[in-house]
Amino acid sequence: MRNSSLPRRGPRTAFLAFASAASLLLAGCGSDAGPGTPDDASARPVDGGTLRYVVAGSPATASDDPHGGLGNESDVMRFALTYDVLTVPGSNGEPRPRLAVSWKPNKALDRWTFRLRENAEFTDGRPVRAKDVLYSLTRIAKKAAENYGRLADFDLESSTAPDDHTVVLATRAPMAEAPKALESISFVVPDGSTDFSRPVPGSGPYRVVGTGAQTAVLTRNKGWWGTRPHLDRIEIQAVADPQARASAVTSGQADVAGSVSPAAVKSAKSSSVRIVTRQGVTEYPFIMRLDAKPFDNPKVREAFRLAADRKALVDTVFLGYGRIANDLPTPYDPSYPKDLKQRTRDVARAKRLLKEAGHAHGLKLTLHTTTSYPGMDTAATLYAEQLADIGVDAEVKVEPADTYWTRIYAKKDFYTGYYGGISFADLVRVGLLSDSPTNETAWRSRTFDTGFTRAMGTLDARARNAALARIQKELWRNGGYVVWGTGDGLDLAAPGVHGLPDGPGFQRMFIDRAWKAK
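Residues numbered from 1 in each chain as written. Predicted model: local features only at pLDDT ≥ 70, side-chain atom pairs only at ≥ 80, totals over all residues. Heavy atoms only, no water.

## Focus on the overall build of the chain
Consideration 1: Broken down by element type, the chain carries 14 helices and 23 strands.
Consideration 2: For the chain, whose C-alpha radius of gyration is 23 Å, the value lies close to the compact-globule estimate of 24 Å for 518 residues.
Consideration 3: When its C-alpha atoms are laid out on the principal axes, the chain stretches across 70 × 55 × 40 Å.
Consideration 4: Within the chain, the proportion of its 518 residues that are buried is 58%.
Consideration 5: For the chain, the exposed surface amounts to about 20200 Å²; the carbon and sulfur share of it is 49%. (Helix = DSSP H or I, 4+ residues; strand = E, 2+ residues; numbered from the N terminus. Rg over C-alpha atoms; globule rule 2.2 N^0.38 Å. Buried < 20%, exposed > 50% of the residue type's maximum accessible area, 1.4 Å probe, protein only. Areas by Shrake-Rupley, 256 points an atom, 1.4 Å probe, with all protein chains shown as cover.)

Below, the structure written as structure tokens:
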């Protein structure tokens, strides 16, 4: 095992006054308070103040376009505060209303009628109408190459806006989860908006008053239709280095730091900083592309899975804040097949499979990784050492965090991925169907595609999850993932910060109910 291009460690010493992820993409959430700093749910919210939130982001990939690629969590958080969405995830896992107040499918499940609230308006005073929603969704669909095909299942050309507050969305096949597929990403802008070199008017709880590649400053939108936000002002700071994010809170330069390392959390336990955990939502799977040698051979893929010492990886990377996984990327999803046998390390069998695949004398390749999220580089380095035990010489190449998701993700043959709580159905849409725009493992299976389509046409949730579990078993046997473990998502919050969202995925970007004690 060789290791090249190692990053320089250490916190950044300056933070610009400021502004989410390959996500792509968290599950339940809780609070592990430091000494004397419980997150008292019964505390009475206080109005006013400024929240300084440091979140993963890079100036090199910053964007003002809510419909393109969502490569920076800092951008996603700004969009979530500025623009309305049709639905958001509810506490029970089901979608709840936001801009849409109700929805209903036809019998065939290929047409969904959404009724919009009538009191929403953009910050320039224009009312939000159905044509704005349809324009926004159509624009998202047209930018599929940038946004991982977020709306690929919808037929926007056949969708209509019969009146100012009704949208009828057509789907390409029966789709039982259409409202869920629109959760959190259906950012609505005014009809005809084309210039996104600067923020366009939104109808969300906040409005942008200052923005740059690394900085966004937002103030309360007094005309928002929803419950009045508590905070006067939110400053979002985009910082790529997770250790620098943690240091910003512990040094008093920020109030919240998203996605920090387990090591930073252990250090913070001796201080008054509060630790926020999102259980089992962080994954750094190793991605093998099936259309590239040597991973076009299923015996090689199985050997690489058998080489993983999962407990060692979990203990080393997550430092007690994780658990082993079983090579399926969404173990927290309700459709996860719980009757699968746990795959364990078997060096002898892995060597035998490599020999049968024509690699009796070993393999030499490059494993790409980065430092975007804490522990990604550590995971790759340890896994490379484990691969050496089966005769694989893996060079670990640590790539720059600010360009990793545009230059490495879904492009290289072998690399470290990241998931933060994406649902199985969403993962399939963007990355596992034969025609998915971001098919990161080059997984193509007719039985898998057909099984997914049938599952999505099943209205009963229990039957739908059972159908999704069946196709996951095929992915477990033959797919291109080494999913060795899941870790808790970890954030740091200064004393007095309350009301942070406690849900998975994009939910944690919607911080409009946060408040600060005075």
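## Focus: the side chain of Thr-282
Consideration 1: Mapped onto the elements, Thr-282 comes out in strand β14 (residues 274-282).
Consideration 2: Residue Thr-282 is classed as buried on the basis of its relative accessible area of 7%.
Consideration 3: Other than its neighbours up to four places away in sequence, Thr-282 contacts Phe-318, Tyr-418, Tyr-419, Gly-485, Thr-486, Gly-487, Asp-488 and Gly-489. (Contact = heavy atoms within 4.5 Å.)

## Quick notes on the pairing of strand β7 (residues 111-116)
Consideration 1: Burial along β7 is one-sided: Trp-112, Phe-114 and Leu-116 are buried, while Arg-111, Thr-113 and Arg-115, pointing the other way, are not.
Consideration 2: Pairing geometry for strand β6 (residues 100-105) and β7, over five bridges, is antiparallel. Residue pairing for β7: Lys-104 is matched across the bridge by Thr-113.
Consideration 3: Pairing geometry for β7 and strand β9 (residues 166-171), over five bridges, is antiparallel. Residue Trp-112 lies in a different strand from β9, and its bridge partner there is Leu-169. (Pairing = 2+ DSSP bridges.)

## Remarks on the packing of helix α7 (residues 298-306) against helix α9 (residues 347-356)
Consideration 1: The N-to-C vectors of α7 and α9 enclose an angle of 160 degrees; their axes lie 8 Å apart at closest approach. As far as their axial angle goes, α9 and α7 are roughly antiparallel. Between α7 and α9 lies a crossing of left-handed hand. Residue-level contacts link Lys-299, Val-300, Glu-302, Ala-303, Phe-304 and Leu-306 of α7 to Arg-349, Ala-350, Leu-353, Leu-354 and Glu-356 of α9.
Consideration 2: The residue makeup of the contact of α7 with α9, split by class, is seven nonpolar, no polar and four charged. (Axes fitted to C-alpha atoms, helices over the stretch in contact; angles between N-to-C directions. Parallel < 35°, antiparallel > 145°, perpendicular 65-115°, else oblique. Left-handed = near helix turned anticlockwise from the far one by under 90°. Nonpolar A, V, L, I, M, F, W, Y, C, P; charged D, E, K, R; others polar.)

## Let's talk about the sheet that holds strand β8 (residues 154-163)
Consideration 1: Within the open sheet, the four strands sit side by side as β6-β7-β9-β8. Their pairing is antiparallel. The open sheet is flanked by β6 and β8, the only strands paired with a single partner. Mean inter-strand twist for the sheet, computed between neighbouring axes without regard to direction, equals 20 degrees.
Consideration 2: Sitting on the sheet, helix α2 (residues 130-142) is in contact with β7, β8 and β9, with an inclination near 170 degrees to β8.

## Things to note about the nonpolar core
Consideration 1: In this structure, Phe-304, Tyr-383 and Phe-414 are the most contacted members of the largest nonpolar core, which totals 72 residues.
Consideration 2: Val-76, Leu-99, Ala-130 and Phe-510 belong to the second largest nonpolar core, which has 58 residues in total. (Core = buried A, V, L, I, M, F, W, Y, C linked by side-chain atoms within 4.5 Å.)

## Digging into helix α13 (residues 446-456)
Consideration 1: Within α13, the full set of buried residues consists of Phe-448, Asp-449, Gly-451, Phe-452, Ala-455 and Met-456. Looking straight down α13, one finds that the buried residues subtend no more than 165 degrees of arc, so they occupy a single side. Relative to its buried face, α13 has exposed residues pointing more than 90 degrees away, namely Arg-446, Thr-447 and Arg-454.
Consideration 2: In the core, the buried residues of α13 are packed alongside α12 (424-431) and α14 (461-478). (Arc of directions from axis to C-beta.)

## A few points about the pattern of salt bridges
Consideration 1: According to the stated counting rule, one finds 32 salt bridges in the structure shown.
Consideration 2: For Asp-84, the salt bridge is made with Arg-98, and the minimal N-O distance between the two is 3.1 Å. Taken as a pair, Asp-84 in the loop between α1 (73-82) and β4 (87-89) and Arg-98 in the loop between β5 (95-97) and β6 lie far apart in primary sequence, 14 residues in all.
Consideration 3: Residues Asp-163 and Arg-115 are paired through a salt bridge, measuring 3.5 Å at the closest nitrogen-oxygen approach. Here Asp-163, found in strand β8, pairs with Arg-115, found in strand β7; they are 48 residues apart in sequence, far enough to count as distant.
Consideration 4: Residue classification places Asp-163 among the partly exposed positions, given a relative accessible area of 36%.
Consideration 5: Note on Arg-115: relative accessible area 30%, which makes it partly exposed.
Consideration 6: What emerges from the salt-bridge pattern is a single network uniting Glu-302, Arg-305, Arg-310, Asp-327, Arg-343 and Arg-349. (Salt bridge = Lys/Arg side-chain N within 4 Å of Asp/Glu carboxyl O.)

## Digging into the environment of Arg-207
Consideration 1: Following the sequence through the fold, Arg-207 ends up in strand β10 (residues 206-211).
Consideration 2: Remark: the alpha-carbon pair of Arg-207 and Ala-240, spanning 33 residues in sequence, is separated by 24 Å.
Consideration 3: Leaving out residues up to four positions away in the same chain, Arg-207 has contacts with Thr-123, Val-217, Leu-218, Thr-219, Arg-220 and Asn-221.

## Things to note about the packing of aromatic side chains
Consideration 1: For the structure shown, the criterion picks out 21 aromatic pairs.
Consideration 2: On the basis of an interplanar angle of 50 degrees and a centroid distance of 6.2 Å, the ring pair of Phe-79 and Tyr-83 is categorised as tilted. Each member of the pair, Phe-79 together with Tyr-83, is buried.
Consideration 3: Positioned above the aromatic ring of Trp-225, the side-chain terminus of Arg-117 is 3.6 Å from the ring centre.
Consideration 4: One Lys or Arg, Arg-343, reaches over the ring of Trp-476 and ends 4.0 Å from the middle of that ring. (Phe/Tyr/Trp six-rings, centres within 6.5 Å; stacked < 30°, edge-to-face > 60°. Lys NZ or Arg CZ within 6 Å of the ring centre and 35° of its normal.)

## Here we look at the packing of helix α8 (residues 310-318) against helix α10 (residues 376-388)
Consideration 1: Packing of α8 against α10 leaves a shortest axis separation of 10 Å and a crossing angle of 150 degrees. Regarding the angle of α8 to α10, the classification is roughly antiparallel. Seen from above, α8 lies across α10 with right-handed handedness. Residues Ala-312, Leu-313, Thr-316 and Val-317 of α8 touch α10, and the partners they reach there are Thr-378, Ala-379, Leu-382, Tyr-383 and Gln-386.
Consideration 2: Split into classes, the residues belonging to the contact of α8 with α10 amount to six nonpolar, three polar and no charged.

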